[in-house]
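Structural features, examined
Each chain, letter by letter, is given below.
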Amino acid sequence: MMKTWQLDFYRSPVQDTSGQTLWELLICDPTHTFEYTATCPQSGANAHWLATQIQLAASNNLPDIIQVFRPQTLSLIQAAAQNLNIRLEPIRHTLALKRWLQAKQYPLVLDQPPPIPLPENLWGEGWRFATLPAGELVDVFAERPIPILSIPEFLQPINWGLPSTVPIPGVVIYGGRKSMALARWLEAAQPAALNYIPGEPHGLILEAGLVDRWILATFTDADVVAAAKTYQQRQQQSRGLHFLLVQPDDSGMTYSGFWLLCLDVVSKYI
């Protein structure tokens, strides 16, 4: 079994006795049955110190994967991981680590760029909101031949204790001839969440990568706005779980890509 750690290395809200800024290293596994902490002055926060601490935490049993959610220190952690032959995985959903940071009352808000439009050459023929019962969601898509399929085990409704009848909301995009090109682009962008943002116009914002944001759709039609509000309400009922499905058309015969997503773990749903 692959050994995975979640790691954060950043400026600590706590200073040393002389008032100097400290950097704090926090490491845990996805179940938070293991944790390791260390601090150093800001002047000593480098890849060599970090690699040494990872070795100390591992006790000769290094992890296979280190997950990181904070983009500011990604390159520093990557340098340390490369020195130790550990694969780095940038990912927003470091649940155990973020809960730990919340418990320590450490700030989790990351600077986010304004959303930018989806490349015009990728947009398909249309889209709609949809729902599937929690009890059917995984089986419906896991058993179908879908070229790009992302259903992480930790996001599966059964592992969130959701009743099988709870509706899981989602968005279906009909890509037409561009369906596979759009699905491949999404795969590279690493979808994390799909949020409804009210305004003039209203919009659907794709949260991807660590902090990337893309305008997936804008709309003003009253019926679509009502459906978007229902979608948002259902996200609350599903504790933030939702999905994105890309298919060529509405025949239900072929699919290009499916992603099971969730709102960021710093939200009230988790």
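Parameters at a glance
- Chains are numbered independently. Their residues run from 1 in the order of the written sequence.
- Side-chain atom pairs in this predicted model are given and counted only at pLDDT of 80 or more, local residue features only at pLDDT of at least 70, and totals for whole chains, interfaces and linings cover all residues.
- Side-chain metrics in this entry use all non-hydrogen atoms of the structure; hydrogen atoms and water are not considered.
- Any two strands with at least two DSSP bridges between them are considered paired.
- Numbering goes from the N terminus for both helices and strands, where a helix is a DSSP run of H or I of at least four residues and a strand is a run of E of at least two.
- Angles here are taken between N-to-C directions and fall from 0 to 180 degrees, while the axes themselves are lines fitted to C-alpha atoms, restricted in helices to the stretch in contact.
- UniProt positions are given in the numbering used here, feature names are shortened, and annotations may be inferred rather than shown by experiment.
- Between buried and exposed lies partly exposed: a residue is buried under 20% and exposed over 50% of the maximum accessible area for its type, with that area taken using a 1.4 Å probe on protein chains only.
- We call two residues contacting when some pair of their heavy atoms lies within 4.5 Å.
- Residue ranges for the domains originate in an automatic or database domain assignment.
- A simple way to read buried area is as the amount of 1.4 Å-probe accessible surface that goes missing from two parts once joined, with both sides added.
- Each salt bridge in this description consists of a side-chain nitrogen of Lys or Arg and a carboxyl oxygen of Asp or Glu lying within 4 Å of one another.
- Gly is placed with the polar residues, together with every amino acid not listed as nonpolar (Ala, Val, Leu, Ile, Met, Phe, Trp, Tyr, Cys and Pro) or charged (Asp, Glu, Lys and Arg).

1. Remarks on the sheet that holds strand β8 (residues 148-150)
Note on sheets: strands pair through backbone hydrogen bonds, and any given pair is parallel or antiparallel. Read from one edge to the other, the open sheet built from five strands follows the order β7-β9-β13-β14-β8, with strand pairing classed as mixed. If you trace the sheet from one side to the other, it starts and ends with β7 (126-133) and β8, each paired once. Averaged over neighbouring strand pairs, the angle between their axes works out to 20° when direction is ignored. Pairing between strand β13 (residues 241-247) and strand β14 (residues 257-262): six bridges, direction antiparallel.

2. Examining the UniProt feature "domain: RNA-binding protein Tab2/Atab2 C-terminal" (unreviewed entry) in the protein
Mapped onto the present numbering, the UniProt feature "domain: RNA-binding protein Tab2/Atab2 C-terminal" (unreviewed entry) falls at residues 107-261. Its end C-alpha atoms 23 Å apart, residues 107-261 is made of 23% helix and 35% strand.

3. Notes on the environment of P117
Checked against the element boundaries, P117 lands in strand β6 (residues 116-117). Note on P117: relative accessible area 57%, which makes it exposed. Excluding its chain neighbours within four sequence positions, the residues that come into contact with P117 are W214 and I215.

4. Comments concerning the pairing of strand β12 (residues 212-219)
Pairing of β6 with β12, which is carried by two bridges, proceeds in the parallel orientation. Counterpart to P117 in the pairing with β12 is I215. When strand β11 (residues 202-208) meets β12, the two strands line up antiparallel, connected through seven bridges. Bridging across to β12, L204 finds its partner in A217. Hairpin geometry of β11 and β12 is characterised by an intervening segment of three residues between the two adjacent antiparallel strands and by a positive phi of about 55° at G209.

5. Digging into the domain arrangement of the protein
Partitioning the protein into domains gives domain 1 (4-104) and domain 2 (116-262). Between the C-alpha centres of domain 1 and domain 2 the distance comes to 32 Å. Facing the 10 residues of domain 1 at the interface are 10 residues of domain 2. Between domain 1 and domain 2 lies a buried interface of about 810 Å² when both sides are counted; carbon and sulfur atoms form 66% of it. The interface formed by domain 1 and domain 2 holds one salt bridge in total. Taking the shortest distance from any N to any O, the salt bridge between R92 and E207 comes out at 3.3 Å. Grouping the amino acids of the side of domain 1 that touches domain 2 by side-chain chemistry returns seven nonpolar, one polar and two charged.

6. Things to note about the pattern of salt bridges
One pass over the structure, following the stated rule, counts four salt bridges. Taking the shortest distance from any N to any O, the salt bridge between D8 and R70 comes out at 2.9 Å. Of this pair, D8 sits in strand β1 (residues 4-15) while R70 is found in the loop between β4 (65-68) and α2 (74-83), placing the two residues 62 residues apart along the sequence. On the basis of relative accessible area, D8 is assigned to the buried category, the value being 4%. A residue is classified by how much of its surface remains accessible, and R70, at 4% relative accessible area, is buried. With a shortest N-O distance of 3.7 Å, K104 and E24 are connected by a salt bridge. Linking K104 in the loop between α3 (95-103) and β6 with E24 in strand β2 (residues 21-28), this pair joins segments that are 80 residues apart in sequence. We classify K104 as partly exposed; its relative accessible area is 30%. Through salt bridges that share partners, R92, E207 and R213 make up one connected network.

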